[in-house]
Structure formats: structure tokens, C-alpha cells
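# Secondary and tertiary structure notes
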Amino acid sequence: MQGDIERVLIPRERIAARVAEMGEQIAEDLRRAVEAEGHDAAERGHVVMLPVLTGALIFTSDLIRNMPLKLSLGMVAVSSYPGKSMESKGASLRSELPKDLSGKHVVVVDDILDTGNTLKLVRDVVAEQSPASVRVCTLLTKRIEGYTAPIEADYSGFDIPDEFVVGYGLDYDGLYRNLPDIAVLRREAL
Ligand code: PRP
């Protein structure tokens, strides 16, 4: 597996440091939001983390362990479908949302914002459930020249160039999610 890597883009130590920072920041913002409504953030039932399967699993598991806050964990499955241009690529829900998002502070979590279609779709369907708030968190945001995504994440760990990356949850054809670093694959591995 390691032989398929051309170069490491973001090493595991940088990922860990940034994820810890993000977790603390998000938890603090959520605590303030819950308290601003007159609730006690130590009560259950105010915060739901909603990872987008499958890529967000590893990021989410590290992120929430850096969030010293009472929260529950939902999940949602989305299919992205290819299009010829960035604009024609799309996404559709493959699972139902958790039923009880009304009045909750929801954080949608994904590993990467590429075209942005996946996170826009999930944010919009969550918003229809009358949550108290919906925030979007991604580890990576791909910056593509000449393309403006339809959504900007509220929290983003790293901007990356327009390259195909794997590791830390991100796959190529279902593989490489278990690489601890975020890396670019050798051309021969694709
Ligand atoms: C990937 C990634 C994001 C999405 C981002 O998921 O995990 O969910 O694509 O792309 P977008 O911004 O262009 O919509 P994928 O559909 O490959 O499934 P996976 O999570 O199972 O890897």
C-alpha cells in the first residue's frame, strides 16, 4: 500500500494537531449557541454530529474525541454521481436522516469538499428539519481554479490543490482509507 504513494500531502501529525484545534473550536461555538438559547450545554439532546458516510468516519471519530461537550452521533449516506463538468456532477441521499433534528444544533461532517454538491445537499435537507442551527465541517477543501463551489464550509481543516488524494478516510476505488496520512497516489496505482 505504501508503495502506491507518490507523496504525502498532509502528514498524520499535522492532521492530528488541526483536528484537535477544530474539535475544541466547534465545541466552544456549540456551547455558546446552546447557552445563548438559555439551555445548559451539560444537558443531553442539543448537539448532533452528522458524518457523511463513508469517507468522514475516521475524521469524525477523531474530531468528536476532541469535543468536550455532550453530543450524539447520527449519520447519513450520500451517493455522488459523476458528470462531465464540475457543475453537472451531483449527489443524492442514500439513507434517511435521523428523525429528531428539530431544535438541535447539527454539524454535518465530511472528509472533503470537492464540487461541494454533497455538503450542499446534506446541509439543505438538514435545514428542512427545522434544526436550531446547521453547520458544515470538512477536513479538506479543494480549491479548483475557475470553479466556485455552491457552499463554503463553516469549518475547514486544510485547503488543498486540485489533486486526487487518499488516506485518513479518503479512498480510491474503496481502498487506502486506512492510510494515516493524506497522500497523492502514484499514477500507476490509479
Ligand atoms: C466523497 C467525499 C465527499 C464527496 C465530496 O464521497 O467523501 O462525501 O465525495 O465530493 P463533492 O464535494 O464533489 O460532492 P464519495 O461519494 O466518494 O463516497 P465515500 O464517502 O464513500 O468515499
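Since we're looking at a predicted model, the values are computed, not measured.

Definitions and limits used
Residues numbered from 1 in each chain as written. Predicted model: local features only at pLDDT ≥ 70, side-chain atom pairs only at ≥ 80, totals over all residues. Heavy atoms only, no water. Helix = DSSP H or I, 4+ residues; strand = E, 2+ residues; numbered from the N terminus. Buried < 20%, exposed > 50% of the residue type's maximum accessible area, 1.4 Å probe, protein only. Areas by Shrake-Rupley, 256 points an atom, 1.4 Å probe, with all protein chains shown as cover. Lys, Arg positive; Asp, Glu negative; His and termini not counted. Charge placed at Lys NZ, Arg CZ, Asp CG, Glu CD. Near = heavy atom within 4 Å. Polar contact = N/O pair within 3.5 Å; in protein donor to acceptor, adjacent residues only side chain to side chain.

This brings us to the overall build of the protein. Scanning the protein for helices and strands turns up three helices and 10 strands. The dimensions of the protein, computed from C-alpha atoms along their principal axes, are 55 × 35 × 30 Å. With 190 residues in all, the protein has 46% of them scored as buried. Carbon and sulfur atoms make up 48% of the accessible area of the protein, which totals about 9700 Å². On the protein, the mean spot of the 22 positive side-chain charges and the mean spot of the 30 negative ones are 2 Å from each other.

To continue, consider the site of the ligand. Taken together, 15 residues form the shell around the ligand, and within it S80, D110, D111, T115 and T118 come nearest. At a separation of 3.0 Å, an oxygen atom of the ligand approaches a polar backbone atom of T54. Take S80: an N or O atom from its side chain is 2.6 Å from an oxygen atom of the ligand. Counting residues per element, the ones that place at least two in the shell around the ligand are strand 6 (105-113) and helix 3 (117-127). The element best represented in the shell around the ligand is strand 6, accounting for four residues.

Remember that the coordinates give geometry; whether it matters functionally is a separate question.
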